[in-house]
Amino acid sequence: TLKARFFPVLHIMLRGDAYKQSSSSNGVLSDLAVRAVFDPPRIILGKSFALSFGPQSNVVLDATYASSLCRIGKGARSGTRFVFGRTNDPDAKEYEILLKQKPIGKPKALAFLSGMLMTALYTTRVTPGKAALRMLLRSFGFAGSFLSLLLICFVASSSGGIERDDPGRLDK
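Remember, predicted model here, so these are calculated numbers, not experimental data.

Enquirer: Which parts of the structure should I look at to understand the overall build of the chain?
Expert: In terms of helices and strands, the chain carries three helices and nine strands. Walking the chain from its N terminus toward its C terminus, one meets helices and strands in the order β-β-β-β-β-β-β-β-β-α-α-α. The buried share of the chain, taken over its 172 residues, is 25%. Nonlocal contacts in the chain, meaning residues at least 24 apart in sequence, comprise 51% of its contacts between residues at least 6 apart.

In structure tokens, the structure reads:
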């Protein structure tokens, strides 16, 4: 599982399985080559709200060195170098809890964000008694509207970070 933390409550995960790649399929690969098949990317907010969008992806990784402590290699198609290491850090198990959350797809995420946008727009029109409270609610309403609209655009146009150029040619 690959994970990037941008804030303490925002996780981006890419879960996958690795399968031994037969060296007979391409004479250039070593006996340590694997094909990693990844689920669609997940964005997890806190520990309760998970989004999943984008296609499944896969890549061939060829290791030039492998031991019980680390694996050094490169992507078979891109040549990108990588180093994977083992750890006993208890935080390394955090992904198990996050993966148990059932993610919502793009349509449900867009519906939820649209509801947030409508609520925020309504807040800009509410006119309670005191001017200071009215100004505060309108400020929150405009900020919420802007943030909701940005998130709607992001989710609607996102492929989950996965680019497809020629999915059939993974070993070039």
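Enquirer: For this particular structure, what's the right way to read the packing of aromatic side chains?
Expert: Geometry of an aromatic ring pair is reported as the spacing of the ring centres plus the angle between the planes. Tallied over the full model, the rule gives one aromatic pair. Look at F82 and F84: their rings are 4.9 Å apart centre to centre, the planes differ by 40°, and that puts the pair in the tilted class.

Enquirer: I would appreciate a short explanation of the side chain of T124 in the present structure.
Expert: Topologically, T124 is positioned in helix 2 (residues 106–125). Look past the residues within four positions of T124 in its chain and what remains in contact with it is R138, G141 and F142.

Enquirer: What's the story with a nonpolar patch on the surface in this structure? I'm lost.
Expert: Together, Y65, I72 and V83 make up a nonpolar patch on the protein surface, roughly 280 Å² of accessible area in all. When you line up the elements, I72 lands in strand 8 (residues 70–75). Taking the relative accessible area as the measure of exposure, I72 reaches 34% and is therefore partly exposed.

Enquirer: Honestly, the pairing of strand 8 in this entry has me stumped. Any pointers?
Expert: Regular strands place their side chains on alternate faces of the sheet. Across five bridges, strand 7 (residues 57–66) lies against strand 8 in antiparallel orientation. Counterpart to A66 in the pairing with strand 8 is R71. Counting the residues that bridge the hairpin from strand 7 to strand 8 gives three residues. Two elements, strand 8 and strand 9 (residues 81–85), share five bridges in a ladder whose sense is antiparallel. Bridged to I72 within strand 9 is V83.

Enquirer: Help me understand the sheet that holds strand 8 in this model?
Expert: Sheet strands line up and pair through hydrogen bonds in the backbone, either parallel or antiparallel. Strand order in this open sheet of five strands is 3-4-7-8-9, and the pairing throughout is antiparallel. Of all strands in the sheet, those bounded by a partner on one side alone are strand 3 (16–20) and strand 9. The average angle at which neighbouring strand axes cross in this sheet is 35°, direction not considered. Pairing between strand 4 (residues 34–38) and strand 7: five bridges, direction antiparallel. Bridge pairing in strand 7 places A36 opposite V59.

Enquirer: Help me out: how do you make sense of the nonpolar core in this one?
Expert: Within soluble globular proteins, side chains that are nonpolar tend to cluster in buried spots. Counting nine residues, the largest nonpolar core is built from L10, I43, L51, F53, A109, L113, L117, I152 and V155. Of all the elements in the fold, those that place two or more residues in this core are helix 2 and helix 3 (131–157). Of the residues forming this core, the biggest block, three residues, is contributed by helix 2. Residue contacts for A109: discarding those within four places in its chain leaves L51, I104 and V155. Among the nonpolar cores identified, the runner-up in size contains five residues, and L14, A36, F38 and F82 belong to it.

Enquirer: Sorry, what's going on with the packing of helix 2 against helix 3 here?
Expert: Axes are the key here: two packed helices are described by the angle between their axes and the distance separating the axes. Relative to each other, helix 2 and helix 3 sit at 160°, their axes nearing to 7 Å. Looking at the two axes, helix 2 sits roughly antiparallel to helix 3. When you trace helix 2 past helix 3, the crossing you get is left-handed. Two secondary-structure elements touch here, helix 2 through K106, A109, L110, L113, S114, M116, L117, A120, L121, T123 and T124 and helix 3 through L137, R138, G141, F142, G144, S145, S148, L149, L151, I152, V155 and A156.

Calculation notes
Residues numbered from 1 in each chain as written. Predicted model: local features only at pLDDT ≥ 70, side-chain atom pairs only at ≥ 80, totals over all residues. Heavy atoms only, no water. Helix = DSSP H or I, 4+ residues; strand = E, 2+ residues; numbered from the N terminus. Buried < 20%, exposed > 50% of the residue type's maximum accessible area, 1.4 Å probe, protein only. Contact = heavy atoms within 4.5 Å. Phe/Tyr/Trp six-rings, centres within 6.5 Å; stacked < 30°, edge-to-face > 60°. Patch = residues over 30% accessible without salt bridge, like charges linked within 9 Å, V, L, I, M, F, W, Y side chains within 5 Å. Areas by Shrake-Rupley, 256 points an atom, 1.4 Å probe, with all protein chains shown as cover. Salt bridge = Lys/Arg side-chain N within 4 Å of Asp/Glu carboxyl O. Pairing = 2+ DSSP bridges. Axes fitted to C-alpha atoms, helices over the stretch in contact; angles between N-to-C directions. Core = buried A, V, L, I, M, F, W, Y, C linked by side-chain atoms within 4.5 Å. Parallel < 35°, antiparallel > 145°, perpendicular 65-115°, else oblique. Left-handed = near helix turned anticlockwise from the far one by under 90°.

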